[in-house]
Structure formats: C-alpha cells, structure tokens
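# Descriptive structure summary
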Amino acid sequence: MKVKKMEAGLYCIHCKEEVDHEITYINSDIKSIRCLQCNRTKELKVDLKKEFYREIYERIATKPTRMTKEYREDLSHLLFSLPVRAIKKPYRILKDVNSSRKVIKTYKSKKSIK
Ligand SMILES: [Zn+2]
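Computed from a predicted model, the values in this text were never measured in an experiment.

For strand β2 (residues 17-26), a buried count of seven out of ten residues is recorded, marking the element as mostly surrounded by other parts of the structure. Sheet topology note: the strand β1 (residues 3-12)/β2 ladder contains ten bridges and is antiparallel. By the bridge assignment, Lys-5 is partnered in β2 with Thr-24. Here β1 hands over to β2 after four residues, with Lys-16 in that stretch at a positive phi of 55°. Where β2 meets strand β3 (residues 29-35), six bridges bridge the pair, whose relative direction is antiparallel.

Given below as structure tokens:
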C-alpha cells in the first residue's frame, strides 16, 4: 500500500476560484483533497482494509488455487507453514504487509486525534 501526494489546480467551492490542491492517494484511490489556499480538506472514503486485501490477493493470484485459498483463510498460518524454498516471496509480501499496517495505523491515530 502506498501513500502518494500530488498537487493539482482544482476549483475550490469555498475560495470560488481555481487554486492549488494537495491530493493524497492510497494506492490508486484518492484519499483526500486539500485546498492549499483555505486549507479545507475533503476526505474521501477509502476502505483501507479492502485496499489491503485486494493488494494481497492480486499478488497471490498467480499462485496455485489451493495456496490462494489458504492465504485468504489464514494469512499468518500460511506464512509460517510455507516450505523454506518458497519463503523468499512471502517474506517480501510480509514486509509489505507491515508497511500497509503502518499506513492503516497512521490513519487510525489521525482519526482519534480529531
Ligand atoms: Zn479553498
């Protein structure tokens, strides 16, 4: 899961003109759009859990069906039951899982501050 930020000139309904906005993406979905002039932020609903599982699923989709099924059923179980020779790829996925979890955590803690 990746968080990306970019700027774009958009029409702000509060400033009533086209001004620079900061757009935050999670993967390819827009998370929020912030007007850099009046600072108003429009949050878009991004289902982080859905994004997260979709990402995992897409990655594992090339594996045999049995494995995919196991993966969906119990991620941690699969990671620890994999034969050693197959561990390289799952390890990489696990690292991504960790970073995705960090993203989720960041957004969760931001919400609780509000
Ligand atoms: Zn504005």
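This next bit is on the coordination of the zinc ion. Donor atoms from the polypeptide that bind the zinc ion are Cys-12 (SG), Cys-15 (SG), Cys-35 (SG) and Cys-38 (SG), placed at 2.2 to 2.3 Å. Here the zinc ion is ringed by four donor atoms whose angles at the metal span 100 to 113°, and the overall shape comes out tetrahedral. Sequence spacing among the residues donating to the zinc ion works out to C-x2-C-x19-C-x2-C. Taken together, the positions of Cys-15 in the loop between β1 and β2 and Cys-35 in strand β3 put the pair 20 residues apart, joining distant regions of the chain.

It is worth spelling out the nonpolar core at this point. Within the largest apolar cluster, nine residues are counted, these being Met-1, Ile-26, Val-46, Leu-48, Phe-52, Ile-56, Val-103, Ile-104 and Tyr-107. Counting residues per element, the ones that place at least two in this core are α1 (48-60) and α4 (88-113).

Taken as a whole, this structure holds three salt bridges when the rule is applied. Where Arg-34 meets Glu-22, a salt bridge forms, and the shortest distance between an N and an O atom there is 3.6 Å. Here Arg-34 is found in strand β3, whereas its partner Glu-22 is found in strand β2, with twelve residues between them in sequence. We note a salt bridge from Lys-31 to Glu-43, for which the minimum N-O separation is 2.7 Å. Taken as a pair, Lys-31 in strand β3 and Glu-43 in strand β4 (residues 41-43) lie far apart in primary sequence, twelve residues in all. According to the relative accessible area criterion, Lys-31 is buried, its value standing at 8%.

Here is what the cut-offs are and how they apply
- Residues numbered from 1 in each chain as written.
- Predicted model: local features only at pLDDT ≥ 70, side-chain atom pairs only at ≥ 80, totals over all residues.
- Heavy atoms only, no water.
- Buried < 20%, exposed > 50% of the residue type's maximum accessible area, 1.4 Å probe, protein only.
- Helix = DSSP H or I, 4+ residues; strand = E, 2+ residues; numbered from the N terminus.
- Pairing = 2+ DSSP bridges.
- Donors = N, O, S within 2.8 Å, 3.2 Å for Na, K, Ca; no water.
- Tetrahedral: all angles 85-135°; square planar, octahedral: opposite > 155°, others 65-115°.
- Core = buried A, V, L, I, M, F, W, Y, C linked by side-chain atoms within 4.5 Å.
- Salt bridge = Lys/Arg side-chain N within 4 Å of Asp/Glu carboxyl O.

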